Amino acid sequence: MIKSLHLFSFLFFLISYSFSQTPTQTVRGKVVDSETNFPLVGVKLEIKILNSEPFRSISNPDGEFEIKKVPVGKHQITATYSMYESKTVTIEVNSGREMVINIPLTETISTQEEVTVSARKKGDVVNEMAVISAQQFSVEETNRYPGSRMDPARMASNFAGVQGADDSRNDIVIRGNSPLGVVWRVEGIDIPNPSHFAISGSTGGPVSVLNNKILSNSDFFMSAFPAEYGNSTSGIFDLKLRNGNKNQHEFTGQFGFLGTELLAEGPMSKNGKSSYLVMGRYSTLSLFQQLGIQIGTDAIPVYGDGAFKFNWQLKKGGQLSAFGIGGKSNISIMISEQTEYSKEFYGEGDRDQYFGTSMLVTGLNYKKALNEKTFIASTLAYSVEEQHSLHNYLQRSLDTNATTNAVSIRVDSIYQLMSYKFSINKLSGYFSVNHKFNKQHLIKAGINVDGFYMNQLDSALKNVLIPNDFIVRWDYKGFSALIQPFVQWKWRANENLDITAGIHSQYFSMTNSLSIAEPRLGLKYRMKGNQSVFMGAGMHSQIQPLYTYTYHLTANDGSKIYHNKNMDFMRSLHTGIGYEKSITKAGLNIRTEAYYQYLYDVPVTIAPSSFSMINMGGGFARIFPDSLQNTGTGLNYGLELTVQKYFDKSFFFLFSGTLYDSKYTGSDGILRNTSYNGKYVANLLVGKEFKLGAKHVLGIGGKVTVAGGRRYGLVNIAQTEELKEIIFLDSMFNDLQFQDYFRMDLKISWRMNAAKATHEIGLDLVNIFNTRNLLSLAYAPSLDPNEVAQPGYQPTAQKTQLGFLPIFYYKIDFKISKKE
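Quick look at the structure, then. Quick caveat: nothing in here was measured; it's all calculated off a predicted structure.

Helix and strand counts for the chain come out as 7 helices and 45 strands. At 28 Å, the chain has a C-alpha radius of gyration in line with the 28 Å of a compact globule built from 820 residues. Projected onto the principal axes, the alpha-carbon positions of the chain cover approximately 85 × 85 × 45 Å. Here the chain holds 820 residues, and the buried ones make up 55% of them. Of the contacts formed within the chain by residues at least 6 apart in sequence, a portion of 67% connects residues at least 24 apart. For the chain, the accessible surface area stands at approximately 34800 Å², while carbon and sulfur atoms represent 60% of it. Counting 81 positive and 73 negative side-chain charges, the chain places the averaged centre of each group 9 Å from the other.

Within the open sheet, the 4 strands sit side by side as E3-E2-E5-E6. Their pairing is antiparallel. Whereas interior strands pair on both sides, the edge strands pair on one side only; in this sheet they are strand E3 (55-58) and strand E6 (87-93). Strand after strand, the sheet turns through a mean of 20° between neighbouring axes, direction not considered. In this structure, strand E2 (residues 44-47) lies alongside strand E5 (residues 73-80), joined through 4 bridges in antiparallel fashion. When the bridges of E5 are listed, Lys-44 appears paired with Thr-80.

Let us now look at the sheet that holds strand E1 (residues 24-33). Sheet strands pair via backbone hydrogen bonds, and the direction of the pair is either parallel or antiparallel. The 3 strands are arranged E4-E1-E7 in an open sheet whose pairing can be described as mixed. The sheet is open, and its two edges are formed by strand E4 (64-71) and strand E7 (99-105), each paired on a single side. Strand after strand, the sheet turns through a mean of 25° between neighbouring axes, direction not considered. As defined by bridge partners, E1 adjoins E7 across 7 bridges and the pair is classed as parallel. Along E7, the bridge assignment pairs Lys-30 with Asn-102.

With that settled, consider the pairing of strand E23 (residues 374-400). Of the strand pairs in this sheet, strand E22 (residues 351-369) and E23 are connected by 19 bridges, and their pairing is antiparallel. Across the sheet, Thr-362 pairs through a bridge with Tyr-382, a residue of E23. Taking the residues that link successive antiparallel strands as the turn, the E22-E23 hairpin has 4 residues. What sits between the antiparallel neighbours E23 and strand E24 (residues 407-436) is a turn of 6 residues, in which Asn-405 has the positive phi angle 60°.

Time to look at the pairing of strand E16 (residues 235-241). The buried fraction of E16 amounts to 6 of the 7 residues, a majority that puts the element mostly inside the structure. Of the strand pairs in this sheet, strand E11 (residues 182-186) and E16 are connected by 5 bridges, and their pairing is parallel. Paired with Val-182 across the bridge in E16 is Gly-235. Here strand E15 (residues 215-221) pairs with E16 via 5 bridges, running antiparallel.

The next point concerns a nonpolar patch on the surface. Together, Leu-360, Leu-380, Tyr-382 and Leu-427 make up a nonpolar patch on the protein surface, roughly 370 Å² of accessible area in all. Mapped onto the elements of the fold, Tyr-382 is located in strand E23.

About the cut-offs
Sequence positions are assigned chain by chain, starting from 1 and proceeding in written order. The predicted origin of the model limits local features to residues at a pLDDT of at least 70 and limits the giving and counting of side-chain atom pairs to 80 or more, whereas totals for whole chains, interfaces and linings rest on all residues. To obtain the side-chain values, all non-hydrogen atoms of the structure were used and water was disregarded. The way it works is that DSSP assigns letters per residue, a run of H or I at least four long becomes a helix, a run of E at least two long becomes a strand, and they are numbered from the N terminus. Radius of gyration means the value over C-alpha atoms here, while the globule rule gives 2.2 Å times the residue count to the 0.38 power. Burial status follows relative accessibility: with a 1.4 Å probe on protein chains alone, a residue under 20% of its type maximum counts as buried, one over 50% as exposed, and anything between as partly exposed. Here, residues are in contact when the closest pair of their heavy atoms is within 4.5 Å. Only the protein chains shown count as cover for residues, and all accessible areas are computed by the Shrake-Rupley method using a 1.4 Å probe. When charges are counted, Lys and Arg are positive and Asp and Glu negative, with His and the chain ends excluded. For charged residues, the charge sits on one atom: NZ in Lys, CZ in Arg, CG in Asp, CD in Glu. Any two strands with at least two DSSP bridges between them are considered paired. Helix axes are fitted only over the stretch in contact, all axes being lines through C-alpha atoms; the angle between N-to-C directions runs from 0 to 180 degrees. Patch definition: residues above 30% relative accessible area lacking any salt bridge, with like charges linked at up to 9 Å and the nonpolar side chains Val, Leu, Ile, Met, Phe, Trp and Tyr linked at up to 5 Å. Salt bridges are counted wherever a side-chain nitrogen of Lys or Arg sits within 4 Å of a carboxyl oxygen of Asp or Glu.

Shown next as structure tokens:
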């Protein structure tokens, strides 16, 4: 009995010690001028903690600061500097890794020491030229969003005006626009689609190659974006890669449903002037398969990805970085191995499919503040993307067991249906210069140049029922260039009024398309009571997926006819106006924005039809364009509302809602709904963290999404049977709509801060009610002759979206302290 009491007392002591001792960590960072990136010396930094003396530091000549032994938890750090607006940033300190933060400060216009400035809200974007339709992508905030799977694209789908097109993919639909209009950008250059299993020319996929652990706060633009951005009529995701810790070695390991990953970062020299960051991930399900663990299906997606960034601080303030992001994926869908009869198996399931993709971007980036007024940045990068696929057609019949009457499927023959391999090698260059003439006038000018080398080969059967009679659809090798110079100007008329203007130009060598001057204009006025109004407009242009230009027909003499090689830019005019109010003490922000977008020169068929490139870009199908001309139009207009409580202390919520309409006109002159016109979308996210003692934190979050259903039409039975894919009647295209979309997600996490490590266990329950949302119609021919003979038979089946999906993970952050 006494031994038991001693043991109980010992365990009670350990538990009490675990909950009472508060670990500490170092907070360090850099303070710079927000417009020139020039380091600011003498900035006062302060962290206030309840029942404790403030923690203080002052930035050195390189703008750097360090605050040691800060208790773990959420705190606010304030930076103050003479003739600059003070700034307060919320930080979360964990024991497993140092907190590194960059703080840009905005210079005041008045020469008085004391000036009245209407507060700038939390969450302002990084790009100082953006005043409208822009969101800050905060890694800390968005990482808590339930159902986002740690995917930047899925995280962005919670913003007002943004909708995910498909639960099984991370395509971004912005204000009713096709996902084809989204541009991914890193270190000033446009990069290939950063998704595994990415279809040629698309911008999304089932799994992202990107990992939010390598990102710092980034910018997401939805319309009328600044002049430095081009080749988009929809949106820009401008990603910022963070540097590794240059003072100590830190590591992260994570094991979960979506992947097993490792990350390492730290200094490369003893002088603290260089750092490395390297990470890699491999699909957990494929690891299970290699270990012989059965998981219920043979169609296992195999993928791996990685990223790195090496950063050197050069003499006289320059910085040189080498970076890279890449991934590779493969999957084999073996329909021939399925013998149990069910119509659900045959949604586009008349073939075995082998599909694989890869992407890589790597380059060098140089940045330097030449002086207090001038800053230059340049990037030279190489990228490659590749997709390959093989389809084998199955001729099947039904077998009925005479004794049991059980029906099974017999494969009578298998032969090649189609195969293709597309690759694009790209060399990219970027250069920009920022110059601040004075406190009120800033100009930024630069150029982006992309050189594409394409290698495309594709062949398919002329008739699926006749083996070995192939037609070549792509057989192209060639080079083209996209050149985009820009200039933009910002005028700070006074402390509360910002006006931006710019010109973007664009030239595409393949089609000799030229857009000489695309004007961009924005205005933001901050008022008393933490209120602001803003408005903007811009003209934009965009090329189509490169393979749509090189798809060819074959003449009688065997020569190739590139019938779309003269396709011009698709263009649009964006306009918007909005209002915003921040309630600083509550950490609350309310924002509403109305927008109107007119699209013109949209590629549509020469022959009258409902086809328009405005509807392309979602799903796993490539585009096989007929002869196209730039005569189509489209329009998007809507009203957005965002109410956001930032995660300053222990609670956050986000409501985003959009009412919108999205229409287009094809070459037949009929005004129709676009394929992305759901009419409305709304998200509600809430989260709460409970502090359990000094070391432990329990987090609970939920998300509800409602949206208008997907568009579809009446099926053209004859063409569908002939082509073995869904073909809709032009007369009813996109007139019908599936039931409204509903999904609820729940996320639970537990985090413990040990002395030199942070442990986190999480469970993300996606679609907890297992709602069977409808996605599309699929070609699903019946193998039963009696069913085919029935009146009204249609060779179609409804494809449902993702069902209930539990996603677990365990993560550990730990450090190796340097010797004092």
